Amino acid sequence: MNQQRNLSGADLLTLAVNEDHFRNYLGPPIAANPQEDAMQVAISSLLFKSHPLGKVIVLAREQGVSWVEVWSEHLWRDDRGDLVKQLRNSGLSLSVHGPIGDLNITSSNPGIREESIRQVLQGIEESAAMGARVITIHPGYLTGRQDAPEGIWDMQISAFTRFATRGKELG
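Reference entry: report on the structure contained in this document. (Residues numbered from 1 in each chain as written. Predicted model: local features only at pLDDT ≥ 70, side-chain atom pairs only at ≥ 80, totals over all residues. Heavy atoms only, no water.)

So, the sheet that holds strand E2 (residues 67-71)
With respect to topology, four strands assemble into an open sheet ordered E1-E2-E3-E4, the strand pairing being parallel. Where the open sheet ends on each side, the last strands, each with one partner, are strand E1 (42-44) and strand E4 (135-136). One ladder, built from five bridges, connects E2 with strand E3 (residues 93-97); its direction is parallel. Among the inter-strand pairings, Val68 is bridged to a residue of E3, identified as Leu94. (Pairing = 2+ DSSP bridges. Helix = DSSP H or I, 4+ residues; strand = E, 2+ residues; numbered from the N terminus.)

Description of helix H3 (residues 53-62)
Regarding H3, the residues found buried are Leu53, Gly54, Val56, Ile57, Leu59 and Ala60. Residue Gly64 follows H3 closely and has a positive phi angle near 85°. (Buried < 20%, exposed > 50% of the residue type's maximum accessible area, 1.4 Å probe, protein only.)

Details of the packing of aromatic side chains
For the structure shown, the criterion picks out one aromatic pair. Taking 5.4 Å as the distance between ring centres and 75° as the angle between the ring planes, the aromatic pair formed by Phe160 and Phe163 counts as edge-to-face. You can see Phe160 and its partner Phe163 sitting in helix H7 (residues 149-170), three residues apart, about one turn around the helix. (Phe/Tyr/Trp six-rings, centres within 6.5 Å; stacked < 30°, edge-to-face > 60°.)

Digging into the pattern of salt bridges
Under the criterion given, the structure shown has five salt bridges. Where Arg166 meets Glu169, a salt bridge forms, and the shortest distance between an N and an O atom there is 2.9 Å. Taken as a pair, Arg166 and Glu169 lie in helix H7 at a separation of three residues, close to a single helical turn. Each of Glu125, Arg166 and Glu169 takes part in salt bridges that share partners, so that together they form one network. (Salt bridge = Lys/Arg side-chain N within 4 Å of Asp/Glu carboxyl O.)

Here it is, written out as structure tokens:
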């Protein structure tokens, strides 16, 4: 019988700061090698950002989680040069949530726009290096009242063309 697990904001906070609550929430470890057509359990590293990413990976494997969405900012905060390799060798299915903090790929400020694009491209490269097949990338947004939605469309297309091209190059 499947047990539905509903979380309140307080539950999420408790999970994010307490390793034992993480284990208790997930319950007994899920059988390794789930059937291909069976639903897989996935977590986002964002929920556990108060923990080092390496520890989140270990906890996820111990509990039978099969998929982890790695937040780029979590990786960048914790990586000391070996975390991408640890993720690649974790046995987990991986996806990446590309960087979003203070970024805008359609900023009217060209410096902010280019730095935002550079960081997303870095996330794409790290995704490929860890073996992730999916990366979530947020579109840009209007930066002021002077911006019109139709005015950022070309910047959006240009940025996503660069992202797709780099992703294709990396496989």
